[in-house]
Amino acid sequence: MLDVITSILVRTIVAGTPLLLGTLGEVVTERAGILNLGVEGMMSLGAVTGFIVTFTTGNPWLGMIAAILAGALISILHAFVTISLRANQVVSGLALTMLGLGLSGLWGKPYIGRPLLIKMTPIAIPGLSEIPVIGKVLFFQDAYFYLSVILGLIVWFVLKYTKVGITVRSVGENPKAAETLGINVTLVKYSCVMIGGAFAGMAGAHLSTAYSKSWIEGMTSGRGWIVIALTIFALWEPSKAFLGAYIFGGIFVIQYVLQPLGISPNLLAMLPYLTTLAVLLFYGMSSKGKRKMSAPATLGEPYIRGSR
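Since the model is a prediction, treat every value here as computed from it, not as a measurement.

**Student:** Would you mind going over helix α1 (residues 2-31) in detail, with residue names and values included?
**Tutor:** Relative to the 44 Å expected for 30 residues at 1.5 Å per residue, α1 spans 41 Å between its end C-alpha atoms, a close match to the ideal helical length. Along its length, α1 reaches its greatest deviation from straightness, about 30 degrees, at glycine 16, and the proline proline 18 lies no more than four positions downstream. Just past α1, the residue glycine 33 takes up positive phi, approximately 90 degrees.

As structure tokens, this is what we get:
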């Protein structure tokens, strides 16, 4: 029984890692006032890029770096359209999703059914990995998990306690006031969008080079949309992103645990999305939730430099 629980917890951490990475990136992006609904597309492009580079070079670390760059580069399109051209952020994000999914499907087609010879394997932390249950769950994971925790703590600290974090938050809350203080609002917004894209690309690479060792079209399976919901669930706070990511990672795992019981696979596949709706409904109906659920003031609104 203990082995079963340990196995479920390990798989929960693995399933929650790409969700955590994607959510951290989206939190940074939205904190700067930019809504990016293109997470699914960026994750998919990161997944195919990471797989192709890893397959070609035999080095999953190069695959990770390539995926991060791919996510950051494609996110520039969204930044240019929404920040420089001041276009509708929802429409641009949806277009980015379709573009990312289309490119990943096109580039990945020759690699369907071709498994990686090497993937990102778990790393045992000396001493700690020997602790019963906890050791295998937390200290015998792949590099993506350790990096996601480190990056999560960095994002939390930077946004909450540093001048850079104050700058990002002020740009998202009141860009006019930030501009009067000499802050380059456009540069901050571009930087945050690219950081969000880099995180999404890294999340996608995890799916194709660590979670599995193969590429299939649509392997993100809607995780990008769950990331957007998790950003709200976390109330735009990196610290709460950890909880949300692993809860939803557990929900993904439960699907496979319950399948042998004869429950419809289609019904089980709906669990993450039903949970997302339930969480948002709870926050929406709760007076306490409504008070807490306050997005950055200018989220989704174009900013015209020098406007009054």
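**Student:** Describe the environment of methionine 42, listing the residues and the values that go with them.
**Tutor:** Mapping methionine 42 onto the fold places it in helix α2 (residues 39-57). For methionine 42, a relative accessible area of 1% puts it in the buried group. Separated by 34 residues in the primary sequence, methionine 42 and isoleucine 8 place their C-alpha atoms 28 Å from one another.

**Student:** I'd love a proper account of the nonpolar core, names of residues and values included.
**Tutor:** Core analysis: the largest hydrophobic core is formed by 67 residues, its most contacted members being Leu19, Leu20, Val39, Met43 and Tyr144. Breaking this core down by element, the ones donating at least two residues are α1, α2, α3 (60-84), α6 (143-161), α7 (163-173), α9 (185-211), α10 (223-233) and α11 (238-258). No other element matches the 10 residues that α9 contributes to this core. Excluding residues that lie within four positions of it along the chain, valine 39 makes contacts with Glu26, Thr97, Ala200, Gly224, Val227 and Ile228. Counting 5 residues, the second largest nonpolar core, distinct from the first, contains Ile34, Ala79, Ile83 and Tyr190.

Rules used in this analysis
- Residues numbered from 1 in each chain as written.
- Predicted model: local features only at pLDDT ≥ 70, side-chain atom pairs only at ≥ 80, totals over all residues.
- Heavy atoms only, no water.
- Helix = DSSP H or I, 4+ residues; strand = E, 2+ residues; numbered from the N terminus.
- Expected span 1.5 Å × (residues − 1).
- Bend = angle between axes of the 7 residues up to and from the residue.
- Buried < 20%, exposed > 50% of the residue type's maximum accessible area, 1.4 Å probe, protein only.
- Core = buried A, V, L, I, M, F, W, Y, C linked by side-chain atoms within 4.5 Å.
- Contact = heavy atoms within 4.5 Å.

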